[in-house]
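Architecture at a glance
Below, each chain spelled out in residue letters.
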Amino acid sequence: MNKLCSLQEAVASYVQDGDLVYAAGFTHLIPFAVGHEIIRQGRRNLTLARATPDLIYDQMIAAGCAQKVIFSYLGNPGVGSLRIVRAAIESGAIEWEEYSHYSMITRLTAGAAGLPFMPMNLTAAPDLEKINPNFQRVVDPFTGKEVMVVPPLHPDVAIVHVQRADAEGNAQIWGILGEQKEAAFAAQKVILTAEEIVDETVIRSDPNRTVIPSLIVDAVCHVPYCAHPSYTQGYYDRDNDFYLQWDELSKSKENVEKWLQEFVLDVKDHAQYWRKLGEATHQRLKIKDKFSTPINYGEF
Amino acid sequence: MNKLCSLQEAVASYVQDGDLVYAAGFTHLIPFAVGHEIIRQGRRNLTLARATPDLIYDQMIAAGCAQKVIFSYLGNPGVGSLRIVRAAIESGAIEWEEYSHYSMITRLTAGAAGLPFMPMNLTAAPDLEKINPNFQRVVDPFTGKEVMVVPPLHPDVAIVHVQRADAEGNAQIWGILGEQKEAAFAAQKVILTAEEIVDETVIRSDPNRTVIPSLIVDAVCHVPYCAHPSYTQGYYDRDNDFYLQWDELSKSKENVEKWLQEFVLDVKDHAQYWRKLGEATHQRLKIKDKFSTPINYGEF
Amino acid sequence: MNERIYSKNELMIVNAARLLQDGELVFVGVGTPNLACNLARRTHAPNLTMVYEAGVIGAQPARLPLSIGDPTLVSGASAVCSMYEIFSLYLQRGNVDVGFLGGAQIDRFCNINATVIGDYRHPKVRLPGSGGSMEIAAWANRCYIMTPHDKRRFPEKVDFCTSAGFLSGRAEREKSGVRGRGPQAVVTDLAIMMPDENGELQVTALHPGVELQDVRDNTGWEIKTATSITRTAEPTSGELRILHEELDPSGIYLN
Amino acid sequence: MNERIYSKNELMIVNAARLLQDGELVFVGVGTPNLACNLARRTHAPNLTMVYEAGVIGAQPARLPLSIGDPTLVSGASAVCSMYEIFSLYLQRGNVDVGFLGGAQIDRFCNINATVIGDYRHPKVRLPGSGGSMEIAAWANRCYIMTPHDKRRFPEKVDFCTSAGFLSGRAEREKSGVRGRGPQAVVTDLAIMMPDENGELQVTALHPGVELQDVRDNTGWEIKTATSITRTAEPTSGELRILHEELDPSGIYLN
């Protein structure tokens, strides 16, 4: 079934006020364009879950979309603090729930597998377990020893950006895979954005590369440069300068509001955002090609 | 570290009498050549674990290598019964321990992850749980409901055949992945056989394709056609005729002994075995090329 | 048009195919279930997605697959994943609409034995065992069972319950909390049987040329019958042509 | 040869690099740990395998990675896996020899706080939180901590124990049954401190030009000293050249 639609339609149909949203991607493939569209459509009271909230949730929280954040590392990766989320937590303006990376991803993995919990070994660190009741212990019936267990995370909607997908939503990803697959399978609905929409024959020429199958996808949106200022392996580089600039800019509430107005609210869609960044930025983020050695599946 | 060695050396060094051996590969990539070398070297009292024992364990059990078999489906895939293992179980000549596919693979997954158990949902089927104490139940602390748990499986040695690997043992697999990765990570030692030994630049041109990392590999052996009568996607077809012939041949103990003598014991190595199969078989198993659409990783 | 030149086996395959709906995801086995699914995909259900326990999704086999892990399932498929993933992300997670099952014994309450005839520790006949069927029977939204119809295959109670039908009755399955709704129909070469409100099999349809007594003679208990028994439509020449010309030209599973 | 033109930061990096052994697998963070590992790989440990929590194995970064998920880590790596896999198959399974950790507070028993200063529910300062460090501290065979040396960073007891050092003493960690041996050394820009038989940090080496009193002045409790304190060797011109010319030519982490 052809699931192609505009990002506006996808967000209008599949992201509701109050939803638990998981925008996937660890550093790589973060779907900023979808975050911006959610801001434009004025969603409220979202619970925003991500291992690393990154700038995408800083921006969405600045825009007032969220009432809660679930995370395992609250930083501006490679730069320092994530000022807006941090301030919201420090001031008590927002609820939060926190994990370590592995326990966070283990929750998604349990959700993806349809399991009521997943185990992880004890870490001896006592305090996270004390402040989050989603860490429980179970006795291993084989050894009598305790393990930690965490419950599944089932986002209402997962947002996943990929390099290429067909119109039905069979999606291929390379480079850092993060928790893309787990988030998609764990969620009730999946919005997929892709740098390229390709014919299904391209996907079918390399089925082992398919990370997300059509089956679990609700909307497929063609959104080139969706991940900026994050990146897409093989398509464009991470805009490290932007991550540094945001660190400065986000010191001032006024500047953040100005930026949101100019780069999100006053912008029609992501294509316009990308044009607005300008030629110098486009050039700076360009990369040279480096292709994989092809493999032979054989005709059978 | 270069881990290249002959298959003879690999088996001599890493397979001991009494070991729990897991020859991986679900229908695809079954490492027959290694099974034959183990027969030639006269290993005894092995515990042979595989989801589907397939002809490889039928042959090894016929040759007297094993005292026990662990499995989840005991058949000649696509043909019918696995006569030798079946007869050994019916006559009580061999011990056995059995699972369903998912519980078997879940044991490997627990082993690979370093966990003391992994959960699976209840299946309502009562009898497997009754006859195998490795099925236990645990109460989910979040819902109060019961789940099934199984302990890790840690083979002494996993044997994994792959399409291509570098000399250090970084290995790439495509086509059916089965439980290759889980078996390798769960095991104490790993013997890797490969259709092709490639330069590490080939592996590094497509790191997402690497299923097994050098880190866990002990020996790398260049064994073309290792999987016959199983197959290697993109290299040669499954010898379905052989699977049918084996069904006939394995009706007679005498014929099996004759076959083992002629095709295993009297043969120096797998290259000689392959030559012995003859040109007609080589031609019959040849396949036409069908390449994947290459992807761009980009130079960063 | 229908020349009645079809085998009992074809009756089973064609009727199983007709139970599939377009757009569904089916967990397929090789052999007759594979023929049924491919037939459905070439007739009324072009958007059927076929998933194989080997970890293949959206297979478009160019030739008849001769094993559950045939390379023809992979070339041109839309995705391949590990075995752990196919059972957890697809089956256990609830993404599989239909599962196909077979077995050496199917009993009054649709329980399946694929493990042993006789005592487990001292088996009269050692069968292949569960494979994926314990989980398919439990977690697919619904299941169909395909099997030739004879008395040995339909005892009143299975020697070993490899895969859950309705256990001692529908209530017991429901109490177990297992997610799938269980077997919906047993399609044999004589008839279609469906579980009643208590989970007990009853004859609901007879294939052309089959009498109810034939079914009774070949079932190991006094099989119930539905209030009104229908007769299945004959295989069409189109269905037979696809089976013979496209799917199994060598007659490997048809004969 | 050694012109003593090096910063305190470089002392920290060079000394951390020297703790790594050839052939080891290191779970690396960006910033100074990344510099230390790449320095080791270019000097005494060419067969060091670098693994990043983003799921990259055997990275050979062509440029300085500016985030833990920098694309330069992927291009030319030997393998990429999911985040779940890097934490389970590598770290939890016991395949990681060395982990690097940092944190806002490190206490007397090497426990690390990366979560909050002050009360958890009403934090004075909200820090980034665990990321992968809770698991690295627990499951890597051994760990090293890199941090600048000042009193605020070395309180007697952490406000929040994000990652386990030796808890209240080595016996408590051992009793917990956790697999890794825990922190082996804290490398600062002043000194190297190692846990004693009870898991309590003691000064074991001072960097060139540093006096023991400097360490005492910058540590929040009365730090113990080893029976004999050594002095670390100065960074060689080779080490400094690699750091400045090859690894961080723009001085992003060095300055």
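Computed from a prediction, not measured in an experiment: that's the story for all the values here.

Of the regular secondary structure elements, chain A holds 12 helices and 14 strands. At 20 Å, chain A has a C-alpha radius of gyration in line with the 19 Å of a compact globule built from 300 residues. For chain A, the C-alpha atoms occupy an extent of roughly 60 × 60 × 35 Å along the three principal directions. Out of the 300 residues belonging to chain A, those deemed buried represent 67%. Residue pairs at least 24 apart in sequence account for 74% of intrachain contacts in chain A once pairs closer than 6 positions are excluded. A total of about 9500 Å² of accessible surface is found on chain A, and carbon and sulfur atoms cover 48% of it. One way to put it: in chain A the 28 positive side-chain charges average out to a point 3 Å from where the 38 negative ones average out.

Our next topic: the overall build of chain C. Helix and strand counts for chain C stand at eight helices and 14 strands. In terms of overall dimensions, chain C is globule-like: its C-alpha atoms have a radius of gyration of 18 Å, near the 18 Å expected for 255 residues. By principal-axis analysis of the C-alpha atoms, chain C measures approximately 45 × 45 × 35 Å. In chain C, buried positions account for 67% of the 255 residues.

Turning next to the arrangement of the chains. Contacts are most numerous, across the five pairs of chains in contact, for chains A and B. In this view chain C stays clear of chain D, with the nearest C-alpha atoms of the two still 13 Å from each other.

This part covers the pattern of salt bridges. Enumeration according to the criterion identifies 64 salt bridges over all chains in this entry. In this structure, the salt-bridge partner of A:Lys181 is C:Glu85, at a minimum N-O distance of 2.9 Å. One end of the pair, A:Lys181, is in helix H7 (residues 180-186); the other, C:Glu85, is in helix H4 (residues 83-92), on a second chain. Side by side, A:Lys181 and C:Glu85 carry an identical accessibility label, which is buried. For A:Asp206, the salt bridge is made with B:Arg209, and the minimal N-O distance between the two is 2.9 Å. Of this pair, A:Asp206 sits in the loop between helix H8 (200-204) and strand E13 (210-212) while B:Arg209 sits in the loop between helix H8 (200-204) and strand E13 (210-212), which puts the two residues in different chains. Where salt bridges share partners, they join C:Arg108, C:Glu156, C:Asp196, C:Glu200 and C:Lys224 into one cluster.

If you rotate chain B by 180 degrees and push it 0.0 Å along the axis, it lands on chain A with an RMSD of 0.0 Å. In symmetry terms, the pair is related by a two-fold rotation axis. When C-alpha distances to the rotation axis are compared across chain B, the minimum falls at B:Pro294, with a value of 2.6 Å. Mapped onto chain A, 100% of the interface residues of chain B again fall at the interface, so both copies present the same surface.

Residue and element names in this part refer to chain A. When cut into domains, chain A gives domain 1 (7-108 + 154-284) and domain 2 (117-150). Spacing between the C-alpha centres of domain 1 and domain 2 amounts to 30 Å. In total, domain 1 and domain 2 occlude about 700 Å² of area from one another, counting both sides; carbon and sulfur atoms represent 70% of this. When the area that domain 1 buries against domain 2 is broken down by residue, the three leading residues are Glu98, Tyr99 and Thr106, summing to 52%. At the junction of domain 1 and domain 2, the tally comes to zero salt bridges. On inspection of domain 1 and its partner domain 2, the count reaches four residue pairs in polar contact (both at pLDDT 80 or more). Those elements giving two or more residues to the side of domain 1 that touches domain 2 turn out to be strand E6 (95-98) and helix H5 (101-113). Taken together, the residues of the side of domain 1 that touches domain 2 sort by class into two nonpolar, three polar and three charged.

As for its position among the elements, C:Glu135 is in helix H5 (residues 133-139). For the buried C:Glu135, no salt bridge is present, and the opposite-charge side chain at shortest range is C:Arg173, 12 Å distant. Once residues within four sequence positions are removed from consideration, C:Glu135 is found in contact with B:Ser100, B:His101, B:Tyr102, B:Ser103, B:Met120, B:Thr123, C:Phe87, C:Leu91 and C:Ala140.

Moving on to the confidence of the model for chain C. Summarising the model, chain C shows a mean pLDDT of 94, and 98% of its residues fall at 70 or more. In the model output, the complex is listed with pTM 0.97 alongside ipTM 0.97.

What follows is about the environment of D:Arg179. Residue and element names in this part refer to chain D. Mapped onto the elements of the fold, Arg179 is located in the loop between helix H6 (170-176) and strand E11 (183-187). With 171 residues separating them along the chain, Arg179 and Lys8 place their C-alpha atoms 33 Å apart. In this structure, Arg179 is in contact with Gln92, Gly94, Ala138, Trp139, Ala140 and Asn141, ignoring residues within four places of it in sequence. Engagement of the side chain of Arg179 in a polar contact is seen with the backbone oxygen of Trp139, the distance being 2.5 Å. Within the local environment of Arg179, its side chain forms a polar contact with the side chain of Asn141, the two groups lying 3.0 Å apart.

Evaluation of the coordinates by the stated rule reveals 40 aromatic pairs over all chains. Ring centres of A:Trp96 and D:Tyr120 lie 5.8 Å apart, and the angle between their planes is 55 degrees; this geometry places the pair in the tilted category. Of this pair, A:Trp96 sits in strand E6 while D:Tyr120 sits in the loop between strand E8 (116-118) and strand E9 (123-126), on two different chains. Overall, the relative accessible area of 11% leaves A:Trp96 in the buried class. Using a relative accessible area of 7% as the deciding quantity, one classes D:Tyr120 as buried. What links up through ring pairs into an aromatic cluster is the set A:Tyr102, D:Phe27, D:Tyr84, D:Phe87 and D:Trp139. When the ring centre of B:Phe263 is taken as reference, the NZ or CZ atom of B:Lys276 above it lies at 4.9 Å.

Listed per partner, the contact involves 47 residues of chain C and 44 residues of chain B. Overall, the association of chain C and chain B removes approximately 3900 Å² of surface from exposure, summing both partners, and the carbon and sulfur fraction of that is 62%. On the chain C side of the contact with chain B, C:Met83, C:Tyr84 and C:Arg126 bury the most area, a combined 19% of that side's loss. Counting across the chain C and chain B interface gives two salt bridges. With its nearest N and O atoms 2.6 Å apart, the salt bridge here joins B:Glu98 to C:Arg126.

As a further point, take the sheet that holds strand E8 (residues 136-139) of chain A. Residues and elements named next belong to chain A. The strand order across the open sheet formed by three strands is E7-E9-E8, and the pairing between neighbours is antiparallel. The strands lining the two open edges of the sheet, one partner per strand, are strand E7 (118-120) and E8. Strand-to-strand twist in this sheet, taken as the mean axis angle between neighbours without regard to direction, amounts to 45 degrees. Bridge analysis of E8 against strand E9 (residues 146-150) gives four bridges, and the strand direction is antiparallel. Paired with Gln136 across the two strands is Val149, which belongs to E9. Running at roughly 155 degrees to E7, H5 makes contact with E7 and E9 of the sheet.

Turning next to the sheet that holds strand E1 (residues 25-28) of chain C. All names here are of chain C. Reading across from one edge, E4-E3-E2-E1-E5-E10-E11-E12-E13-E14 is the order of the 10 strands in this open sheet, with mixed pairing throughout. Both outer strands of the open sheet, strand E4 (79-80) and strand E14 (224-231), are each paired with one neighbouring strand and no more. As defined by bridge partners, E1 adjoins strand E2 (residues 49-52) across four bridges and the pair is classed as parallel. Residue Val26 lies in a different strand from E2, and its bridge partner there is Met50. Where helix H2 (residues 32-42) meets the sheet, it contacts E1, E2, strand E5 (98-101) and strand E10 (142-146), and its direction lies at approximately 160 degrees from that of E2.

Calculation criteria
Residues numbered from 1 in each chain as written. Chains lettered and ligands numbered in written order. Predicted model: local features only at pLDDT ≥ 70, side-chain atom pairs only at ≥ 80, totals over all residues. Heavy atoms only, no water. Helix = DSSP H or I, 4+ residues; strand = E, 2+ residues; numbered from the N terminus. Rg over C-alpha atoms; globule rule 2.2 N^0.38 Å. Buried < 20%, exposed > 50% of the residue type's maximum accessible area, 1.4 Å probe, protein only. Contact = heavy atoms within 4.5 Å. Areas by Shrake-Rupley, 256 points an atom, 1.4 Å probe, with all protein chains shown as cover. Lys, Arg positive; Asp, Glu negative; His and termini not counted. Charge placed at Lys NZ, Arg CZ, Asp CG, Glu CD. Salt bridge = Lys/Arg side-chain N within 4 Å of Asp/Glu carboxyl O. Least-squares fit on C-alpha atoms with pLDDT ≥ 70 in both. Domains from an automatic or database assignment. Buried area = accessible area lost by both parts, 1.4 Å probe. Polar contact = N/O pair within 3.5 Å; in protein donor to acceptor, adjacent residues only side chain to side chain. Nonpolar A, V, L, I, M, F, W, Y, C, P; charged D, E, K, R; others polar. pLDDT = per-residue confidence, 0-100. Phe/Tyr/Trp six-rings, centres within 6.5 Å; stacked < 30°, edge-to-face > 60°. Lys NZ or Arg CZ within 6 Å of the ring centre and 35° of its normal. Pairing = 2+ DSSP bridges. Axes fitted to C-alpha atoms, helices over the stretch in contact; angles between N-to-C directions.

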